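So you can see what is in the structure, the chains are spelled out below.
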Amino acid sequence: MAMNTLYNANVQNAISEITKNIGTYLMQSGMQDTLHKSLSQISSSMSKLALGNMAKALESADTPGNRTDGAKDKK
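Residues numbered from 1 in each chain as written. Predicted model: local features only at pLDDT ≥ 70, side-chain atom pairs only at ≥ 80, totals over all residues. Heavy atoms only, no water.

Some thoughts on the overall build of the protein chain
Thinking step 1. Counting secondary structure elements, the protein chain contains 2 helices and 0 strands.
Thinking step 2. By the burial criterion, 7% of the 75 residues in the protein chain qualify as buried.
Thinking step 3. Accessible surface computed for the protein chain: about 6300 Å², of which carbon and sulfur atoms make up 59%. (Helix = DSSP H or I, 4+ residues; strand = E, 2+ residues; numbered from the N terminus. Buried < 20%, exposed > 50% of the residue type's maximum accessible area, 1.4 Å probe, protein only. Areas by Shrake-Rupley, 256 points an atom, 1.4 Å probe, with all protein chains shown as cover.)

Set out below in structure tokens:
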């Protein structure tokens, strides 16, 4: 779980850095409309990624014997 969280943090940091670089380039190029559209698409994609990760976490948490808090299921 910790590895997955670390991976997700690294992915989000990379996406953030890429977004910042794209934004800087587009602002310098006078392409604010393109920047706005790009940021909207990136935001949408990140939301879908976050929802997918939450859905996976909920699915695995619902499996008997696979608790995310480290405790054992009562029998």
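Side note on the side chain of threonine 19
Thinking step 1. In this structure, threonine 19 sits in helix H1 (residues 2–28).
Thinking step 2. Taking the relative accessible area as the measure of exposure, threonine 19 reaches 16% and is therefore buried.

A few points about the pattern of salt bridges
Thinking step 1. Under the counting rule described, the total for this entry stands at 1 salt bridge.
Thinking step 2. The closest approach of N and O atoms between lysine 20 and glutamate 17, which form a salt bridge, is 3.5 Å. In this pair, lysine 20 and glutamate 17 are both assigned in helix H1, 3 residues apart and thus about one turn of the helix distant.
Thinking step 3. According to the relative accessible area criterion, glutamate 17 is partly exposed, its value standing at 39%. (Salt bridge = Lys/Arg side-chain N within 4 Å of Asp/Glu carboxyl O.)

Here's the deal with the environment of leucine 26
Thinking step 1. One can find leucine 26 in helix H1.
Thinking step 2. Leucine 26 sits 10 residues away from histidine 36 along the chain, and the two C-alpha atoms are 9.6 Å apart.
Thinking step 3. In this structure leucine 26 touches Met31, Gln32, Thr34, Leu35 and Ser38, once residues within four positions along its chain are discounted. (Contact = heavy atoms within 4.5 Å.)

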